[in-house]
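Results of the structural survey
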Amino acid sequence: MIWTIAKKELLVHIKSMRFGIALVLCSSVIALSAYVSGLDYAKRLSAYNSVVERHRQALRQVKVYSYLRPVVDLPPAPLSIFSRGVERNLPHSITLSHAHIPTVLSGEMEKSPLSLFSDSHFFSPKFTLDIFQYSTENPLLSALSSFDIASVIGILLSLFALLLTFDAVSGERERGVLALELSNPVSRGEVFLGKYLGGLLALLFPLGIGFAIVLLVMGLSPSIKLGPGEISGVALVFGISLLYVSSFLMLGLFVSSSTKEASTSLIVLLVVWAVFVVVVPSGTGYFLSGRFPRDAWGKLQREVDALWREFRKKEGEIKKEHPFRGFTSITTQMGDGKMSVLVGSSEALLSILEQNKRIEPLRVEYALKEWRLYQEHLRPLKRWASLVKEVSRISPASQYSNAISAVAGTDLEGYESFVRQARTYREKLVEFLRDKFGTLRYFTPIKREEMMPEEKVRELWRGGFSSFSWDDVEPVDISGLPSFVISRPGPTEGLGRASVDIGLLALFNVLFFLLGYLMFLRYDVRWS
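Report on the accompanying structure. Each chain carries its own residue numbering, running from 1 in the direction its sequence is written. Per-residue local features of the predicted model are confined to residues with pLDDT of at least 70, and side-chain atom pairs are confined, for both listing and counting, to 80 or more; whole-chain, interface and lining totals are unaffected and use all residues. As a rule here, side-chain values cover all heavy atoms of the structure and leave hydrogens and water aside.

1. Quick look at the overall build of the protein chain
- Put simply, DSSP H or I for four residues or longer makes a helix, DSSP E for two residues or longer makes a strand, and each gets a number counted from the N terminus. A tally of helices and strands in the protein chain yields 15 helices and 4 strands.
- Using a 1.4 Å probe on the protein chains alone, a residue whose accessible area is under 20% of its type maximum counts as buried, one over 50% counts as exposed, and one in between counts as partly exposed. When each of the 528 residues of the protein chain is scored for burial, the buried share is 52%.
- Areas reported here follow the Shrake-Rupley algorithm with a probe of radius 1.4 Å; residue values treat only the protein chains shown as occluding. Put simply, the protein chain shows about 23700 Å² of open surface, and 61% of that area lies on carbon and sulfur atoms.

Take a look at the structure:
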């Protein structure tokens, strides 16, 4: 009997004009979003390949070890066509050195770093002083945003689900259909469950068509390799999307079973939809901005500056103990341990060598102290962001966005995996450089047997050094430095991170179903 009622409900939906309009609209927008997202992914992948090659070539041209600064790059995730997550806001390249340890703030030091760690939500705000993409600005000013496939599903299909069910009970009561239906030997529970299944089957049409188009776009794209991991990821996204729209279907049945008129049900559902899909995801950070640790970044900068002033003081003491002597020219000296000498007297080179043996290991120690400061001051920012995330989870839209970005590998945890791998590779870089700190090649191409006395260097200087050029210097040997190989979290790993949000979506389904079922059991079907 349940299946008979479900088929009847499905036929009613299919024959309605609103179903046809919504089906065409949802399928078209999902198809357009898939096409645009596919092109965007191809563009990002091409840019990634280009920048990786550029960074590789630049590394091969390093003339002294002090300038060895490998750059590690984050490739775009194939499933990012569903949700860009944090990747739209964070740097995709991190420059490594022995002078600094990478954090999630790496690469953004010229900007306010509090715009990092984001989870993608609908109507994503612009970033000023925000973190985890929860804006502390007025959410009304952040209405314009780029939409990925998850955003389209989150907005349109949730609305479609409500439009299918706002009059499923109250509307049939007004038309006298519900009383006639319940006059048959059928329980109210069977009728209620049949209405839900009929609505869910109707929603499978736009959702199924949309995902079929997404798979077609991914299959035809030369940039996307559809392996088992990607296919399982798409299947997971489809399942989560179905669970999401099901929650709004249940919500529609609950509200329709709680009102006497379809018009009242529609108004209530539109208000609830706006709160769940727009206000909560975009406005939670704004409403909790009073608890935002606004002084965290300034305090961190002050302590970092003080730390490096302490380092420079110790650096000065080392230079006093081992003063510079001799004469150099065509010399470049920058921060973070970068130094290069093309021409210098033997006394000058040996004095620099003695300084480097002590200063550069000290710089590595202070890099670790700096990283610990960052970790300490990030804690209140993360606590605030965690609070905002937990509060925003009262919305199924936030739960859905969190879950999809986790499965796609574009959530904060996915990005932190990249940073951890960069940090591990940086340790290999430091070990590689430790043997070089006490060598001439760390800062000059001059060999010991090629050293000249100061008088000879000054004589060459007066002649203009016309025979010396960095272009004639051979690059350093980096064959002992291993290559960076990134390992991106797969969909199954993302599923573990998404388990809380998926569980909440399932809970919302059960909650709305029970509430709707209880209201329907008590519903007065008489029309008056």
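2. Re the pattern of salt bridges
- Put simply, a salt bridge is a Lys or Arg side-chain nitrogen that is within 4 Å of an Asp or Glu carboxyl oxygen. The full count for this structure, using the stated rule, is 22 salt bridges.
- The shortest N-O distance in the salt bridge between E315 and R363 comes to 3.8 Å. With a gap of 48 residues between them, E315 in helix α9 (residues 296-321) and R363 in helix α10 (residues 346-392) connect regions that are remote in the sequence. Note on accessibility: E315 and R363 belong to one class, buried.
- With a closest N to O distance of 3.3 Å, K382 and E416 form a salt bridge. With K382 in helix α10 and E416 in helix α12 (residues 412-434), this residue pair connects regions lying 34 residues apart in the sequence.

3. Some details on the packing of aromatic side chains
- Think of it this way: a Phe, Tyr or Trp ring, Trp meaning its six-membered ring, pairs with another when their centres are within 6.5 Å, and the plane angle makes it stacked under 30 degrees, edge-to-face over 60, tilted otherwise. One pass over the full model with this rule turns up 20 aromatic pairs.
- With 5.1 Å between their ring centres and 85 degrees between their planes, F211 and F238 make a pair best called edge-to-face. Here F211 is found in helix α6 (residues 188-220), whereas its partner F238 is found in helix α7 (residues 228-256), with 27 residues between them in sequence.
- Overall, the relative accessible area of 6% leaves F211 in the buried class.
- Taking the relative accessible area as the measure of exposure, F238 reaches 25% and is therefore partly exposed.
- Ring geometry for Y425 versus F484: centroids 5.5 Å apart, planes at 65 degrees, classification edge-to-face. Of this pair, Y425 sits in helix α12 while F484 sits in the loop between α13 (454-462) and α14 (491-497), and the two are 59 residues apart along the sequence.
- Exposure remark for Y425: the relative accessible area of 6% places this residue in the buried category.

4. Some details on the packing of helix α8 (residues 262-287) against helix α11 (residues 396-408)
- Helix axes are fitted to C-alpha atoms over the stretch in contact, other axes to C-alpha atoms as well, and angles between N-to-C directions run from 0 to 180 degrees. At a closest axis distance of 7 Å, the pairing of α8 and α11 adopts a crossing angle of 70 degrees. Considering their axes alone, α8 and α11 lie roughly perpendicular with respect to each other. Contact residues: α8 offers F276, V277, V280 and P281, while α11 offers P396, A397 and S398.
- When the residues that make up the contact of α8 with α11 are grouped by side-chain class, the tally is 6 nonpolar, 1 polar and no charged. To sort the angles, those under 35 degrees are grouped as roughly parallel, those over 145 as roughly antiparallel, those from 65 to 115 as roughly perpendicular, and the leftovers as oblique. Note on definitions: a residue-residue contact is assigned when non-hydrogen atoms from the two residues lie within 4.5 Å. Residues were grouped as follows: Ala, Val, Leu, Ile, Met, Phe, Trp, Tyr, Cys and Pro as nonpolar; Asp, Glu, Lys and Arg as charged; and all remaining residues, including Gly, as polar.

5. Some remarks on a nonpolar patch on the surface
- Candidate patch residues must exceed 30% relative accessible area and have no salt bridge, after which like charges are joined if within 9 Å and Val, Leu, Ile, Met, Phe, Trp or Tyr side chains if within 5 Å. Taken together, the side chains of I267, V271, V275, V279, Y286 and F287 present a nonpolar region at the surface, about 540 Å² in accessible area.
- Mapped onto the fold, I267 is located in helix α8.
- I267 gets classed as exposed once you look at its relative accessible area, which sits at 55%.

6. Some thoughts on α11
- One fewer than the residue count of a helix, multiplied by 1.5 Å, yields its expected span. Counted at 1.5 Å a residue, the expected span for α11 with its 13 residues is 18 Å, and the 18 Å between its end C-alpha atoms agrees.
- Within α11, 13 of the 13 residues are buried, which leaves the element mostly enclosed by the surrounding structure.
- Taking the backbone nitrogen of A397 as reference, a side-chain oxygen 3.1 Å away marks S395 as the first, capping residue of α11.
- A positive phi of about 80 degrees marks G409, the residue just after α11. Between N or O atoms, a polar contact is any pair within 3.5 Å; within protein, one atom must be a potential hydrogen donor and the other a potential acceptor, and residues adjacent in sequence are included only when both atoms are from side chains.

7. Some points on the side chain of R393
- Here R393 lies in the loop between α10 and α11.
- Taking relative accessible area as the criterion, R393 reaches 11% and is therefore assigned buried.
- A polar side-chain atom of R393 sits 2.8 Å from a polar atom in the side chain of D501.

8. Some details on the packing of helix α3 (residues 149-165) against α7
- One way to put it is that α3 packs onto α7 with a least axis distance of 8 Å and a crossing angle of 35 degrees. Handedness of the crossing formed by α3 with α7: right-handed. Contacts from I153, G154, L157, S158, A161, L162 and T165 of α3 reach α7 at S241, Y244, V245, F248, L249, L251, G252, L253 and S256. In this scheme, a crossing is called left-handed if the near helix is turned counterclockwise away from the far one by less than a right angle; it is called right-handed if the turn is clockwise.

9. What to know about the environment of I149
- Structurally, the position occupied by I149 is in helix α3.
- Residue classification places I149 among the buried residues on the basis of a relative accessible area of 1%.
- In this structure the C-alpha to C-alpha distance between I149 and G210, which are 61 residues apart in sequence, comes to 9.3 Å.
- In this structure, I149 is in contact with S33, A34, S37, I81, F82 and V214, ignoring residues within four places of it in sequence.

10. Overview of the side chain of S27
- Structurally, the position occupied by S27 is in helix α2 (residues 17-60).
- Among the polar contacts listed, one links the side chain of S27 to the backbone oxygen of L23, at a separation of 2.8 Å.
- Discounting residues that sit within four places of it in the chain, S27 has contacts with P206, I209 and I213.

11. Thoughts on the nonpolar core
- Counting residues in hydrophobic clusters, the biggest one holds 75 residues, and the most contacted among them are F82 and F248.
- Think of a nonpolar core as a cluster: buried Ala, Val, Leu, Ile, Met, Phe, Trp, Tyr and Cys residues, connected wherever their side-chain atoms sit within 4.5 Å. Within the second largest apolar cluster, 52 residues are counted, among which are L381, L412, F418 and V476.

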